[in-house]
Amino acid sequence: MRILHVTDTFLPRLGGIELHVADLAARQNAAGHQVMILTGQDAPAHPHPGLDGVRIERLGAGFFGVGIKRKVVPAVEGFAPDVMHAHLSVGSPFTWGVLRHVGELPVLVSLHSLLPPLAGFLGTGIKLLRLPLSQMTHTAVSDVAADRLRAALDPTAEVHVLHNGIDTADWVVEHEAADDFHIVCVGRLAARKRPLVLVEALADLAARAPDLRWSATIVGDGAQSGKVAAAVRARGLEDRVSLPGRLERAEIRSLLGRTDVLVAPATLESFGIAALEARCAGVPIVGMATSGVSEFITEELDGLLARDDADIATCLHRLATDADLAAAIRHHNSTVPVDMDWTKVLEQHELMYDLALERAGTRASSRVRRRASSSLAR
């Protein structure tokens, strides 16, 4: 099958969508598919090594994707995909723009973010974009994200859940005994990820349990890096909180071997790949009950789910002081695998591509491959 992935941004920019698309494309290529990634991102200042066998087209789209049609149409027609897989976040002007020009091409849409709870407004916006909804099969990375998308489309709309994947074996680590309770957070230091809320929770923990020995490492960089560093200083946490910046996957894996809990403070987290990686490494998780982390975190089994911001410090304190609970969660996470390994996730993607082709009327049965029309709106 010829699969075209469309994403606003791609590596070397690091984020959930970028890493997921890279991993997915590489595995699909290894499975024998022909894969291309189409992104609105300009070529990076420092050349990216790319992915073996995967073609990457960087179109450098303008603001809100204005004027992209003349770039998109030749790129897509030249590849002649069987199916387009569009990866969307709340703000994806390039990908939304591409979707306006797909013609009869079957499209699988994957929503990787939580839409704001403004269903009527979002539904109106989707209609104004004049998207070819009849050609589109909708998915989201978690039940929480799928519910938001259904509300924006139509309460009766069919939205499937298509999880992100993980190589579970790659995240099995040997744990080292630590002198204190080590708290870790991994993610972009952006407002959406709420790192400043985490700093406040750590300050609350320090205030409520002054004799508790703990340290924290906040991994990542981004627009709020300076604000996070300033908040750590303002709260007098410099001796306890480390800010190493961006780390590579191997470094994060090593860090998880010295981690007692991973915190995911984002409320708009549609899935939470960093939390899933830590869960596979046997680390207890503290996440927000309303976020997509609840897709794979069950209260007191895989971790604890905070009801609100103030509850984050309560959850941390509970894990730091209840040795039996912490040990039980660590044992469960170390011995019970998650149901989101790439082997299964790739199979789920195949089924969704089949469904998209059927929906577009280009396949007689779910297991018979036939080339879809590659014509685009002109």
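What counts, and where the lines are drawn
Residues numbered from 1 in each chain as written. Predicted model: local features only at pLDDT ≥ 70, side-chain atom pairs only at ≥ 80, totals over all residues. Heavy atoms only, no water. Pairing = 2+ DSSP bridges. Helix = DSSP H or I, 4+ residues; strand = E, 2+ residues; numbered from the N terminus. Axes fitted to C-alpha atoms, helices over the stretch in contact; angles between N-to-C directions. Buried < 20%, exposed > 50% of the residue type's maximum accessible area, 1.4 Å probe, protein only. Salt bridge = Lys/Arg side-chain N within 4 Å of Asp/Glu carboxyl O. Parallel < 35°, antiparallel > 145°, perpendicular 65-115°, else oblique. Left-handed = near helix turned anticlockwise from the far one by under 90°. Contact = heavy atoms within 4.5 Å. Nonpolar A, V, L, I, M, F, W, Y, C, P; charged D, E, K, R; others polar. pLDDT = per-residue confidence, 0-100. Right-handed = clockwise from strand over helix to strand, strands pointing away. Core = buried A, V, L, I, M, F, W, Y, C linked by side-chain atoms within 4.5 Å. Polar contact = N/O pair within 3.5 Å; in protein donor to acceptor, adjacent residues only side chain to side chain.

So, on to the sheet that holds strand S5 (residues 107–111). Within a sheet, neighbouring strands are paired by backbone hydrogen bonds and run either parallel or antiparallel to one another. Taken together, seven strands build an open sheet; the order of strands is S3-S2-S1-S4-S5-S6-S7 and the sheet is parallel. Lying at the two open borders of the sheet, with one neighbouring strand each, are strand S3 (55–58) and strand S7 (159–161). Neighbour to neighbour, the strand axes of the sheet diverge by 25 degrees on average, direction disregarded. In terms of strand pairing, strand S2 (residues 34–39) meets S3 through four bridges, oriented parallel. Each bridged residue has a counterpart across the sheet, and for Met-36 the counterpart in S3 is Arg-55.

On to the sheet that holds strand S10 (residues 241–245). Across the sheet, six strands lie side by side as S10-S9-S8-S11-S12-S13; this open sheet has parallel pairing. Strands with a single pairing partner mark the edges of an open sheet, and in this sheet they are S10 and strand S13 (303–306). Here the strands of the sheet are splayed against their neighbours by 20 degrees on average, with no regard to which way each runs. Strand direction decides the pairing type here: strand S9 (residues 214–219) and S10, joined by three bridges, are parallel.

The next point concerns helix H9 (residues 273–280). Most of H9 sits out of view: seven of its eight residues are buried. Along H9, the residues that are buried comprise Ala-274, Ala-275, Leu-276, Glu-277, Ala-278, Arg-279 and Cys-280. Gly-282 sits one or two residues past H9 and shows a positive phi near 90 degrees.

Next up on the list: the pattern of salt bridges. All chains considered together, the criterion is met by 16 salt bridges. Measuring nitrogen to oxygen at the nearest pair gives 3.9 Å for the salt bridge that ties Glu-248 to Arg-246. Owing to a relative accessible area of 46%, Glu-248 belongs among the partly exposed residues under this scheme. Take Arg-246: its relative accessible area is 42%, and that puts it in the partly exposed class. Where Asp-339 meets Lys-344, a salt bridge forms, and the shortest distance between an N and an O atom there is 2.5 Å. Exposure remark for Lys-344: the relative accessible area of 33% places this residue in the partly exposed category.

Relative orientation of the contacting elements helix H6 (residues 195–208) and helix H10 (residues 309–321) amounts to 50 degrees, with a least axis distance of 9 Å. Between H6 and H10, the angle falls in the class oblique. Crossing handedness for the pair H6 and H10: right-handed. Here Val-197, Ala-201, Leu-202, Asp-204, Leu-205 and Arg-208 of H6 lie close against H10, whose contacting residues are Asp-309, Ala-310, Ile-312, Ala-313, Thr-314, Leu-316 and His-317. Tallied by class, the residues present in the contact of H6 with H10 amount to eight nonpolar, two polar and three charged.

This prediction gives the chain a mean pLDDT of 89; 90% of its residues lie at or above 70. Between residues 363–378, whose pLDDT stays under 50, and residues either more than four places distant or in other chains, the model counts 50 contacts.

This part covers the side chain of Ser-92. Checked against the element boundaries, Ser-92 lands in the loop between strand S4 (83–88) and helix H3 (93–99). In this structure Ser-92 touches Asp-8 and His-87, once residues within four positions along its chain are discounted.

What follows concerns the pairing of S9. Buried residues dominate S9, accounting for six of its six residues. Of the pairings in the sheet, the one linking strand S8 (residues 181–186) to S9 comprises six bridges and is parallel in character. From the neighbouring strand, Val-184 faces S9, where its bridge partner is Thr-217. Handedness of the crossover joining S8 and S9 through H6 is recorded here as right-handed.

Turning our attention to the nonpolar core. Ranked by size, the top nonpolar core spans 35 residues in total, and within it Ile-183, Leu-202, Trp-214, Leu-237, Leu-316 and Leu-319 carry the most contacts. Of the residues forming this core, the biggest block, eight residues, is contributed by H6. Contact partners of Ile-183, with chain neighbours within four places excluded, come to Leu-202, Leu-205, Trp-214, Ser-215, Ala-216, Thr-217, Val-261, Val-263 and Leu-316. Membership of the second largest hydrophobic core comes to 31 residues, among which are Val-6, Met-36, Val-72 and Leu-114.

Structurally, Gly-165 is set in the loop between S7 and S8. Exposure remark for Gly-165: the relative accessible area of 8% places this residue in the buried category. With 178 residues separating them in the primary sequence, Gly-165 and Thr-343 have C-alpha atoms 8.3 Å apart. Not counting residues within four places of it along the chain, the set of residues in contact with Gly-165 comprises His-20, Ile-273, Met-340, Trp-342 and Val-345.

Let us now look at the side chain of Thr-259. The topology assignment puts Thr-259 in the loop between helix H8 (249–256) and strand S11 (261–264). Given the relative accessible area of 2%, Thr-259 is considered buried. Here Leu-255 takes part through its backbone oxygen, which lies 2.8 Å from a polar atom of the side chain of Thr-259. If we ignore the near neighbours within four places in the chain, the residues touching Thr-259 are His-175, His-182, Val-184, Val-283 and Arg-330.

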